[in-house]
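Descriptive analysis of the structure
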Amino acid sequence: MSATLSLDQARRIALAAQGLHKGRPAGPVTARTVGRTFARLQLVQIDSVNVLVRSHFLPFYSRLGDYDRDILQRMSASHPRRMLEYWAHEASYIRPEHYQDLLPWQKRSWVGASRLDPGIRADVAARILAALARSRPMTASELTARLGHVEEKQSDNWGWNWNAVKRVLEDLFEEGLVSAASRTGQFERRYALTSKVLPYRASEVREVDPTAALQRLTDAAALAHGIGSIRCFADYFRTPVKATAQAVEHLVQQGRLEPVKVAGWGRDVFRHVEATLPRRATGRALLSPFDSLVFERRRLWELFGFHYRIEIYTPEPKRRFGYYVLPFLLRDRIVARVDLKADRAGGRLLVRSAFAEPDAPLDTAVELAAELKLMAQWLGLPEVEVGQAGDLAASLSQELARL
């Protein structure tokens, strides 16, 4: 018979799997500590929005506190790389061992040159590959100049007005022929042949069996979840749900996953055999809108009773909570949300709105104030300034004044 877990137990399993169940390290955070955290998460989503800080920096801060962001730069841009860029949940940093397994399952042709004339596409691709074979990594604009490519600027906004070089580069990226060697200060990819980026020799690249690859990806997704449904596991690396269901069945047969029941969940749930159940959760963290704990919204609601949506693309008059809203995790509940902005010129962390959840504990403002103060220090911002929007704003401002 399947084991039955309470909702509290399921929450603690999920938090432990994501490294959010306990306080942060007391001492300095080393590159090895960051690497272990990344290995636990399996992937970190990338996003260009920089209103607070680039999103891939935040999951490590949430779990480790003050750390040197240059560590991630070295992990992703210095050989041998411990982080590779590829499509996963979305554009993501992934563990290198997942790269070959993801190739047969990531089909993002809509991003690249699918609407480009095949002859033009083939010609541009050949010229790109030849240029990258004999040069340092280059951005799309640098490659455009190197190839002497000229075309009329598009006005239909398709492909973000990318030219043919950028579109073909994205095709080659999706196919696995080129990769990102690093990023510029403006967050542009510097492209290189994948063989020059991999942390292992090109001769070690192998053809993978797609079925076995998906089983490995599903196992990794389930380990990062601790507990979840087939749809949760499929969402992590954005793999097809039906194929992921077959992978889950295989992993159950292999003893890697076990079916369980969770009070209040009306769907099949599986627990990874390596998942731990801590006696209690004592962590505290502000979570990126792109944090892997909040990827799958139905799971977020079932675990925490927290309804969440990113309102970046919502017109401002229709936003309910704000532009860049971070959930606030306290112990084993998500108890508040804050809309944050880094005013780098003014040296301020701006809290543009602060809202408490209906069942927020009495110490929410105290704990959130302390967390905001720590985040401001990590970002090099001397002040935290709270606006008036939100039912938590006044008490939060009072608590910050005491710090």
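Whatever comes next refers back to the structure up there.
Computed from a predicted structure; not experimentally measured.

Looking now at unusual backbone geometry. Cis rather than trans, the peptide bond between His79 and Pro80 has omega equal to -5°. As for its placement among the helices and strands, Pro80 is situated in the loop between α4 (70–77) and β3 (84–87). Its identity as a non-glycine residue notwithstanding, Arg238 has a phi of 55°, on the positive side. Structurally, the position occupied by Arg238 is in the loop between α11 (230–237) and α12 (241–253).

Packed helices, taken two at a time, are described by their axes: the angle between them and the distance between them. Where helix α1 (residues 7–17) contacts helix α10 (residues 210–225), the two axes come as close as 6 Å, and the packing angle between them is 115°. Residues Ile13, Ala14 and Ala17 of α1 lie in contact with α10, whose contacting residues are Leu223, Ala224 and His225. When its residues are assigned to classes, the contact of α1 with α10 shows five nonpolar, one polar and no charged.

Summarising the element assignment, Gly283 is placed in the loop between β9 (269–272) and β10 (284–286). We classify Gly283 as buried; its relative accessible area is 1%. Along the chain, Gly283 and Pro59 lie 224 residues apart, while their C-alpha atoms are 14 Å from each other. Excluding its chain neighbours within four sequence positions, the residues that come into contact with Gly283 are Leu20, His21, Lys22, Gly23, Leu329, Leu330 and Arg331.

An order of β10-β11-β12-β13-β14 is seen for the five strands of this open sheet, with the pairing classed as mixed. Two strands lie at the open edges of the sheet, namely β10 and β14 (383–389), each paired on one side alone. Ignoring which end each strand starts from, the neighbouring axes of this sheet average 30° apart. Sheet topology note: the strand β13 (residues 348–356)/β14 ladder contains five bridges and is parallel. Across the sheet, residue Leu349 finds its bridge partner in β14, namely Val384.

A few words on the packing of α1 against helix α13 (residues 297–304). At their nearest, the axes of α1 and α13 sit 9 Å apart, and the two run at 130° to each other. By the angle between their axes, α1 is oblique relative to α13. Residues Leu7, Ala10, Arg11, Ala14 and Leu15 of α1 pack against Arg299, Glu302, Leu303 and Phe304 of α13. Taken together, the residues that form the contact of α1 with α13 break down as six nonpolar, no polar and three charged.

As a further point, take the packing of aromatic side chains. In total, this model carries ten aromatic pairs according to the counting rule given. Seen in terms of ring centroids, Phe38 and Phe60 are 6.4 Å apart; in terms of plane orientation they differ by 40°. Their pairing is tilted. Of this pair, Phe38 sits in helix α2 (residues 31–41) while Phe60 sits in helix α3 (residues 58–64), placing them 22 residues apart in sequence. Each member of the pair, Phe38 as well as Phe60, carries the same accessibility label: buried. For the pair Phe321 and Phe355, a centre-to-centre distance of 4.9 Å together with 80° between the ring planes defines the contact as edge-to-face.

Cut-offs used in this document
Residues numbered from 1 in each chain as written. Predicted model: local features only at pLDDT ≥ 70, side-chain atom pairs only at ≥ 80, totals over all residues. Heavy atoms only, no water. Helix = DSSP H or I, 4+ residues; strand = E, 2+ residues; numbered from the N terminus. Axes fitted to C-alpha atoms, helices over the stretch in contact; angles between N-to-C directions. Contact = heavy atoms within 4.5 Å. Nonpolar A, V, L, I, M, F, W, Y, C, P; charged D, E, K, R; others polar. Buried < 20%, exposed > 50% of the residue type's maximum accessible area, 1.4 Å probe, protein only. Pairing = 2+ DSSP bridges. Parallel < 35°, antiparallel > 145°, perpendicular 65-115°, else oblique. Phe/Tyr/Trp six-rings, centres within 6.5 Å; stacked < 30°, edge-to-face > 60°.

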